[in-house]
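Secondary and tertiary structure notes
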Amino acid sequence: MKEILDYNLSWKEKIDYLFQVSNPIKDYIKFINFNIFEILLAILVFLFIITVFSNNIQNKNLSYIQVINFRINKNSSMRILLLIGITFIIFTLVPLFYDNRDHTVRQENELVITSNTRLLVQNSRQSYKEEVEKRILKEKQKLQKLMDATKNVCINGKDPKKLTNEEKVNEFINGPCAPAVLVPGLAGTSLQIVIDCEKLQLESPEIFAACGWGTCSAWQFWYSRPDAEYRLWISTTTSKVGIIQTSASDHCFGSLIELQYDDVKKEHKETPGVQLTYHGNTPSTSSNAECGLTGISNMTDDYLIMYMMCDYKGFAGIGDLLKNMGYVSGLTFQPMPYDYRKGIRVSETQQLMKQTLDNFYDITGKKSIIITHSLGSLHTLNLLLNLDQAYKDQHIATVFTMGAPYIGSSKALRAQLGGDPSYLDSFLGLTVGINYWNQNKAINSASSQIDIYPRDAFFRFKNEPWMKDLLNRYKQEQEFLKSGIDQVTAVSWFPTPSNNCTNITARKPNCLMNLQDLQEYIIEIQGQKLGVNDIPKILRDYTINGTMINDFYTKDTLDTLVNFNNPGVPYLVLYGSYGPTEYQFKYQKNPLDQVTKTGDFYFPEETLSTLGDSTVIASSAVTPAVKWIYEHTNGISKNSVKLVEFCSFYNSGTSVYDKIENGQKSFSQSGYFGLKCDCLAKPSDTTNCKHSCMINDKVIIEFVSDLVQNGQKSAFTKTPKTKSEIDDLVNNCKNLKKN
């Protein structure tokens, strides 16, 4: 504000400056139709009235202040007039200097806390800042050697600061790297919410009240009003709209993230007055969007959340790697943020991913590598199965999936029955996290839940030779675990138990697929065992909004995701079988009755676990890979598929590529590949290896570095696109805008 004190500026220029830089002033003018000149005029009128009323004062040379003092001492009516005047001045000036917007993203020393619990959380968060910064520094140091070795390698060592976008593309064309697409999983996109205050207050007053807002006007400064935008996922610990709720009565987060259901059209729609999109796609975040990268990486800057979990990082590590290698977001690699509440059938990812593949090939003449995590793997598989083979052969080099729930996860059903305890944590003696009401609103309105329901693969394919082989492997491994004698012959391309694959203490060190027979039940309610074929009954009889959810389950279950048709491209399936992963849940009471009666969580009395990555059991990720490897080895498919076991040291070579021809790397063989991990603090601690955190492991980042440097030869020697076309693509992030 130092410009206001500049004596070289006129008062008009100073006032104009205020209007340009001060949002509270602009909002004040918008809501009460005042301007600063009218306020000053009101003050002058008030002083003039005092002068007129003081015509009986003998000394005409008295100042205004002396006049006021005289009238106050002589006339009680003057005291009333003065009180009215002061009140008027206060009520007209306060909105100029006091911002009643409900900010949730403030500097830490500016946070306004109204709850003792939130204050406790805030103060504790401060103490973790140094620890988080130490972790970040340590992670960077671990990767420093890789970063030095791959600096600008994709643009032939040139300094990107000295190159135009067109020159970067031409260097990339003649470099060793392939274009890359990054597709995050469920909750892997940072969500930003834009509030239309007047519309939200008018059409959704219950949401307005749930968030503690009372007005849209700066004039009514005694009420709180919503800010124009909030980061909804993942916000700060002290935010009313965030994921950390300290009371069962906190309903703001669920109210805002919930999708409304249209009974007529039988589909979900956004709440009136609310627009939810990815971070980087709104007015306040677009300047730092990096064409979607900030939407899928470092999803919070709250040190307490960063201390408590590693999930927030998203694709941060891989994004940093690619930029270091000379990639440009939106030009030679594309992050693919999306609204993960919406199911695959209605998501924009299908169109945007294809659009990106088209653009990358048209610009570089190279096939793309698609790197996915969790639910993003299902989005990608669905796209592949809707593309013709000629297109895939021309546009896609490889797909690399991590932690893909190909056969779904029974945890998705558990969440809809009585809530998900994984969204809760204990901190300073408090239970914090997403409370039941908010979980219910968020989960039961998200059609994406349908996409990760358990699938019937073990029934559907039980007579197929590859499934028979897989079930034999399961039986033979069970015999080995009992006897210790290795007589395993099924799925012969997978190493046998006589070999060791890991030193993780949560499982046997032997090379085991650690399968689970998914013909078994997944939910038991009051003694009744229910399996994947009973999902409609589970939804109808035991969940809130069961009829609506079952309608979605019936309509939105995609054939492409249950038939496991071959993807038709070289495919890498990375999975984990190193940590306990829940898969069977036993309820002694009816979950619907319990949550209806208490309005609170009802967790199963008993939970059984098998091995996986803490979210996706090994069987869910492995099963389709077994089918596709069978198809390749038997000549049914021409494309190789590799099953990559994370945290395994068996057959862990320096590169996953097994063929180099004329400098171009490719896959010719299908089978098993072990990938070591850096995330183990010790053999008994797999916390940092869990599902949402594995993608930032040092070894995986090294793996990606090798993967994208496939030595692919371009169809062009220089890009056929003009400089303006290339600049337009990256400057306007055209890959993320539907044509």
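Keep in mind that what you see is a predicted model, and the values were worked out from it rather than measured.

Quick look at the sheet that holds strand E17 (residues 579-587)
Two orientations exist for strands paired in a sheet by backbone hydrogen bonds: parallel and antiparallel. Read from one edge to the other, the open sheet built from four strands follows the order E15-E14-E17-E18, with strand pairing classed as mixed. At either end of the open sheet lies a strand with only one pairing partner, and these are strand E15 (528-530) and strand E18 (606-612). Pairs of neighbouring strands in the sheet enclose a mean axial angle of 25°, with direction left out of account. The pairing of strand E14 (residues 523-525) with E17 spans three bridges and is classified as parallel. Residue pairing across strands places Ile-523 opposite Phe-585, the latter belonging to E17. Taken strand by strand, helix H17 (residues 411-418) contacts E14 and E17, and its axis lies near 45° from that of E17.

A short note on the environment of Glu-131
By secondary structure assignment, the location of Glu-131 is in helix H7 (residues 129-149). According to the relative accessible area criterion, Glu-131 is partly exposed, its value standing at 34%. Once the C-alpha coordinates of Glu-131 and Met-306 are considered, the two residues, 175 residues apart in sequence, prove to be 9.7 Å apart.

Focus: the sheet that holds strand E11 (residues 396-402)
One open sheet holds the seven strands; their spatial order is E9-E2-E10-E11-E16-E19-E22, and the pairing between them is parallel. The sheet is open, and its two edges are formed by strand E9 (333-335) and strand E22 (671-675), each paired on a single side. Ignoring which end each strand starts from, the neighbouring axes of this sheet average 15° apart. Contacts from helix H14 (residues 349-364) reach strand E2 (180-183), E9, strand E10 (368-373) and E11 within the one sheet, and its direction differs from that of E2 by about 165°.

Some points on the pairing of strand E19 (residues 641-646)
Among the six residues that make up E19, six are buried, leaving the element largely enclosed by the rest of the structure. Burial along E19 is two-sided: Val-641, Leu-643 and Glu-645 facing one way and Lys-642, Val-644 and Phe-646 facing the other are all buried. The sheet contact formed by strand E16 (residues 571-575) and E19 spans five bridges and is parallel. The residue bridging Val-573 from the neighbouring strand is Leu-643, located in E19. Of the pairings in the sheet, the one linking E19 to E22 comprises five bridges and is parallel in character. Bridge pairing links Val-644 to Phe-673 in E22.

Observations regarding unusual backbone geometry
Between Trp-233 and Ile-234 the backbone carries a cis peptide bond, its omega angle lying at 5°. Inspection of the secondary structure puts Ile-234 in the loop between strand E5 (229-233) and helix H11 (252-257). Positive phi, close to 45°, is recorded for Asn-298, a residue that is not glycine. Inspection of the secondary structure assignment puts Asn-298 in the loop between strand E8 (274-278) and helix H12 (303-308). Of note, the phi angle at Asn-651 is positive, near 55°, even though the residue is not glycine. Structurally, the position occupied by Asn-651 is in the loop between E19 and strand E20 (659-661). Residue classification places Asn-651 among the partly exposed positions, given a relative accessible area of 44%.

A short note on the side chain of Asn-550
Position of Asn-550 among the secondary structure elements: in helix H23 (residues 546-556). When its relative accessible area of 10% is taken as the criterion, Asn-550 is described as buried. If near-sequence neighbours (up to four positions away) are discounted, Asn-550 is found in contact with Pro-536, Leu-539 and Arg-540.

Re empty space enclosed by the protein
Throughout the structure, instances matching the rule amount to four cavities of 30 Å³ or more. Volume-wise, the largest cavity comes out at about 120 Å³. The wall of the largest cavity is formed by 13 residues, among which Gly-408, Ser-410, Pro-454, Leu-518 and Ile-617 lie closest to the centre. Residues that form the lining of the largest cavity fall into these classes: seven nonpolar, four polar and two charged.

Thoughts on the packing of aromatic side chains
What the rule picks out here adds up to 23 aromatic pairs. Here Phe-601 and Phe-603 contribute two aromatic rings whose centre-to-centre distance is 5.0 Å and whose plane-to-plane angle is 25°, an arrangement assigned as stacked. Judged by relative accessible area, Phe-603 falls into the partly exposed class, the value being 27%. Of the aromatic side chains, those joined through ring pairs into one cluster are Trp-493, Phe-494, Tyr-650 and Tyr-672.

Regarding the nonpolar core
Ranked by internal contacts, the top residues of the largest apolar core, which has 121 residues, are Trp-233, Leu-256, Tyr-406, Tyr-453 and Tyr-571. With seven residues, the single largest contributor to this core is helix H26 (residues 618-633). In terms of nonpolar packing, the next biggest core, distinct from the first, is built from 47 residues, Ala-178, Met-325, Ile-371 and Ile-695 among them.

The rules behind these values
- Residues numbered from 1 in each chain as written.
- Predicted model: local features only at pLDDT ≥ 70, side-chain atom pairs only at ≥ 80, totals over all residues.
- Heavy atoms only, no water.
- Pairing = 2+ DSSP bridges.
- Helix = DSSP H or I, 4+ residues; strand = E, 2+ residues; numbered from the N terminus.
- Axes fitted to C-alpha atoms, helices over the stretch in contact; angles between N-to-C directions.
- Contact = heavy atoms within 4.5 Å.
- Buried < 20%, exposed > 50% of the residue type's maximum accessible area, 1.4 Å probe, protein only.
- 1 Å grid on protein atoms, 1.4 Å probe; cavity = no way out; pocket = protein on both sides within 12 Å on 5 of 7 lines; lining within 4 Å.
- Points joined across faces, edges and corners; volume = space filled by probe spheres on them.
- Nonpolar A, V, L, I, M, F, W, Y, C, P; charged D, E, K, R; others polar.
- Phe/Tyr/Trp six-rings, centres within 6.5 Å; stacked < 30°, edge-to-face > 60°.
- Core = buried A, V, L, I, M, F, W, Y, C linked by side-chain atoms within 4.5 Å.

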